[in-house]
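Examination of the molecular architecture
Chain by chain, the residues run as shown.
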Amino acid sequence: MKKKRPILIGKTSAGKTTLCQCVNHEALKYHKTQSIQLVNDQMIDTPGEYLERRSFWDALLVTAADADVIMLVQDATEDTSMFPPGYAGQFPKPVVGVITKRDTATDKQIEDARKYLEIAGTKNIFPVSSMTGEGVADLVGYLDIL
Ligand SMILES: Nc1nc2c(ncn2[C@@H]2O[C@H](COP(=O)(O)OP(=O)(O)OP(=O)(O)O)[C@@H](O)[C@H]2O)c(=O)[nH]1
Ligand SMILES: [Mg+2]
């Protein structure tokens with residue numbers, strides 16, 4: 001079976017690109033995402049600005065049409081969220097919540113991030129660290145059974 005194609009949506013610096021590198025077993029190397037990128041012919045990486053600026057929301061929706069699953073990416077170390085309540089509901093596809101940077105976050109921060117993602121309308125939520133790899137296998141395994 002062909003691998004599911006996710007699109008990663010989340011604010012600037014949330015850890016989307018680093019997660020793509022981790023999933024693809026690439027060296028973790030910081031580079032700012034400037035435009036929508038198809039990574040390894042499989043994952044759609046987006047710039048944080050596409051979530052942060054409302055004028056880009058339609059572009060995200062159109063691009064999400066090419067994906068099989070939507071990943072809403074929330075940085076556990078951020079004390080705010082850019083996802084409006086019910087944001088997940090606009091995508092006619094499975095939506096998965098991803099909490100990044102669990103290696104540096106407190107339990108309380110991870111719980112807060114989980115709440116933000118629940119308010120955004122995601123039910124299945126995976127805390128991960130691209131630095132240590134924690135949780136990443138669970139996330140990738142879940143995509144396979146969707
Ligand atoms: N400690 C820790 N840092 C991380 C993790 N994932 C990403 N980072 C760091 O967070 C910063 C931003 O990561 P990116 O992956 O570039 O963020 P992004 O969501 O792609 O950001 P944009 O491309 O601007 O939308 C980098 O300095 C990463 O090294 C993680 O799991 N743990
Ligand atoms: Mg990026």
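In every chain, residue numbers begin from 1 and rise along the written sequence. Think of it this way: whatever chain is written first is A, whatever ligand is written first is 1, and the rest follow in order. Owing to the predicted nature of the model, reporting of local features is limited to residues with pLDDT of at least 70; listing and counting of side-chain atom pairs is limited to 80 or more, with chain, interface and lining totals taken over all residues.

1. Focus: the overall build of the protein chain
Put simply, the test is: Helix and strand assignments come from DSSP, with helices taken as H or I runs of at least 4 residues and strands as E runs of at least 2, each series counted from the N terminus. Values of the radius of gyration come from C-alpha atoms, whereas the globule rule sets the reference at 2.2 Å times the count of residues to the power 0.38. To sort residues by burial, count the other C-beta atoms lying within 10 Å of each one's C-beta; a count of 20 or more means buried, 12 or fewer means exposed, and anything in between means partly exposed. C-beta atoms are built from the backbone. In this description, any two residues whose backbone-derived C-beta atoms lie within 7 Å of each other are considered to be in contact.
Of regular secondary structure, the protein chain possesses five helices and six strands. When the helices and strands of the protein chain are placed in sequence order, the string is β-α-β-β-α-α-β-β-α-β-α. Taking 15 Å as the expected radius of gyration for a compact globule of 146 residues, we find that the protein chain reaches 14 Å, a close match to that expectation. A burial count over the protein chain gives 38% of its 146 residues as buried. Of the contacts made within the protein chain by residues no fewer than 6 positions apart, 71% connect residues no fewer than 24 positions apart.

2. Remarks on helix H4 (residues 107-119)
Put simply, the rule reads: Helix span, expected: 1.5 Å multiplied by one less than the number of residues in the helix. Arc definition: it is the arc formed by the directions from the helix axis to the C-beta atoms.
Compared with the 18 Å implied by 1.5 Å per residue over 13 residues, the 19 Å span of H4 between its first and last C-alpha is a close match. Those residues of H4 lying buried are Ala-113, Tyr-116 and Leu-117. Down the axis, H4 shows its buried residues gathered within 95° of arc, on one side only. Away from the buried face of H4 by more than 90 degrees, exposed residues Asp-107, Lys-108 and Lys-115 are located. On its buried face, H4 sits against strand E4 (69-75), strand E5 (95-100) and strand E6 (124-127). One or two positions beyond H4, positive phi appears at Gly-121, with a value near 105°.

3. Considering the site of ligand 1
Threshold: Each residue gets a C-beta atom placed from its backbone. Should that atom fall within 6 Å of a molecule or strand, the residue is termed near it. Under the scheme applied, nonpolar residues are Ala, Val, Leu, Ile, Met, Phe, Trp, Tyr, Cys and Pro; charged residues are Asp, Glu, Lys and Arg; polar residues are all the others, including Gly.
Taken together, 20 residues form the shell around ligand 1, and within it Gly-15, Thr-17, Thr-18, Thr-33 and Gly-48 come nearest. Looking at the shell around ligand 1, its residues break down into four nonpolar, 12 polar and four charged.

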